[in-house]
Amino acid sequence: MELVGSFQDLLGECRKVFDSGNVVDVDQVMSLLASYTSKPEEWKKFAKFDRHKYTRNLVDEGNGKYNIMLLCWGEGMASTIHDHSNAHCFMKNLRGHLIERRYDFPTEELGVMIEKGNQDLKLNQVAYINDELGLHRVENPSHTNVAVSLHIYIPPFDQCHIFDPRTGKQNVSKMTFWSRYGKRIPFQIHEKTSPPAATAAAAWTVQGETEENTKNESLDNNVQHHPQQQAVVQVK
Ligand SMILES: [Fe+2]
């Protein structure tokens with residue numbers, strides 16, 4: 001396959017590939033992603049960090065057929081174990097070093113979840129997972145360097161299941177974006193009449209994939225969350 005010259009080229013090629021039909025050729029997409037050599041100056045406008053959690057930053061909504069996003073990992077940050085809502089998940093390391101750890105779906109007996117394998121995702125490397133392959137969690141093992149990964153989800157989804165590694169119990173987690181198209185999403189003000197269920201759902205967000213809603217709802221309902229401050233770390 002022809003090499004992709006720039007991040008914009010990569011976005012354009014993805015649009016062509018995913019608009020051409022409803023069948024996802026996993027090898028083709030992995031080759032496409034692998035053919036791009038990360039250049040931070042091309043994507044850094046999308047890479048917005050928070051000091052307390054990793055962030056999800058929308059890059060392309062793909063005509064509603066798929067989402068491309070950058071996940072920005074501060075030092076030592078990690079996701080919870082999660083599934084992918086029957087979607088394809090492609091992942092490419094654009095900066096730093098990430099580790100992907102895989103797990104099987106818990107059995108009915110539940111219990112401690114045992115890691116069944118892991119892989120280092122070094123700069124420019126690509127990984128793929130779907131629910132048939134199992135669950136995973138992603139972590140930035142470095143305590144001195146941030147990491148940035150590009151993710152493609154096809155079809156898009158805004159909630160998944162997260163799993164407690166000590167028990168195997170699962171919960172639904174709703175996910176939102178920290179920024180869209182390079183712009184930080186403003187805080188949302190909620191009516192006091194919001195149903196309590198919304199708060200319960202917001203409290204179960206994937207670590208680092210926290211909903212903005214939790215900030216305001218925690219004030220209204222005295223729910224404890226991590227301190228939330230807008231800290232933007234510029235990628236150089
Ligand atoms: Fe994932």
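Worth saying up front: this structure is predicted, and the values here are computed from it rather than measured.

The next subject is the confidence of the model for the protein chain. Averaged over the protein chain, the pLDDT score is 83; the fraction of residues at 70 or greater is 78%. Counted against residues more than four places away or in other chains, residues 192-234, with its pLDDT under 50, gives 68 contacts.

With that out of the way, let us pick up the environment of Tyr36. By the secondary structure assignment, Tyr36 is in the loop between α2 (26-34) and α3 (40-43). Judged by the 23 C-beta atoms lying within 10 Å of it, Tyr36 is buried. With 88 residues separating them along the chain, Tyr36 and Asn124 place their C-alpha atoms 7.5 Å apart. Filtering out sequence-adjacent residues up to four positions away, Tyr36 remains in contact with Val4, Phe7 and Leu10.

By the bridge criterion, two bridges tie strand β3 (residues 81-82) to strand β10 (residues 159-163) in an arrangement that is antiparallel. Across the sheet, the residue bridging to Ile81 is Phe163, located in β10. The sheet contact formed by β10 and strand β11 (residues 170-174) spans five bridges and is antiparallel. Among the inter-strand pairings, His161 is bridged to a residue of β11, identified as Val172.

A word on the nonpolar core. Ile68, Leu70, Cys72, Trp73 and Ile152 are the most contacted members of the largest nonpolar core, which has 39 residues in total. Counting only elements with at least two residues in this core, the list comes to α1 (7-19), α2, β1 (55-60), β2 (67-73), β4 (88-95) and β9 (147-154). With sequence-adjacent residues up to four places away left out, Cys72 is seen in contact with Ala47, Lys48, Phe49, Tyr54, Thr55, Asn57, Val146 and Val148. The next biggest cluster of nonpolar side chains, apart from the first, holds seven residues, and it includes Tyr103, Met113, Leu135 and Phe163.

Looking at α2, one finds that the buried residues are Val29, Leu32 and Leu33. Buried residues along α2 cover an arc of 95 degrees about the axis, so they all sit on one side. Against α1, β4 and β7 (126-129) lie the buried residues of α2.

In this model, α1 (13 residues) spans 18 Å end to end at C-alpha, consistent with the 18 Å of a helix rising 1.5 Å per residue. If you follow the buried residues of α1, they end up packed against α2, α3, β2 and β9.

Another aspect to go through is the packing of α1 against α2. Axis separation between α1 and α2 bottoms out at 10 Å; the angle between their running directions is 170 degrees. When the axes of α1 and α2 are compared, the pair comes out roughly antiparallel. Residues Glu13, Cys14 and Val17 of α1 lie in contact with α2, whose contacting residues are Gln28, Val29 and Leu32. For the contact of α1 with α2, the residue count by class is four nonpolar, one polar and one charged.

What follows deals with unusual backbone geometry. Trans is the common state for peptide bonds, and a negative phi is the common state for residues other than glycine. For the peptide bond that leads from Ile154 to Pro155, omega is -5 degrees, which places it in the cis range. With respect to the helices and strands, the residue Pro155 is situated in the loop between β9 and β10. We note that Asn124 has phi near 75 degrees; this positive angle belongs to a residue other than glycine. For Asn124, the location among the structural elements is in the loop between β6 (117-121) and β7.

Definitions and limits used
- Residues numbered from 1 in each chain as written.
- Predicted model: local features only at pLDDT ≥ 70, side-chain atom pairs only at ≥ 80, totals over all residues.
- pLDDT = per-residue confidence, 0-100.
- Contact = placed C-beta atoms within 7 Å.
- Helix = DSSP H or I, 4+ residues; strand = E, 2+ residues; numbered from the N terminus.
- Buried ≥ 20, exposed ≤ 12 C-beta atoms within 10 Å, placed from the backbone.
- Pairing = 2+ DSSP bridges.
- Core = buried A, V, L, I, M, F, W, Y, C linked by C-beta atoms within 7 Å.
- Arc of directions from axis to C-beta.
- Expected span 1.5 Å × (residues − 1).
- Axes fitted to C-alpha atoms, helices over the stretch in contact; angles between N-to-C directions.
- Parallel < 35°, antiparallel > 145°, perpendicular 65-115°, else oblique.
- Nonpolar A, V, L, I, M, F, W, Y, C, P; charged D, E, K, R; others polar.

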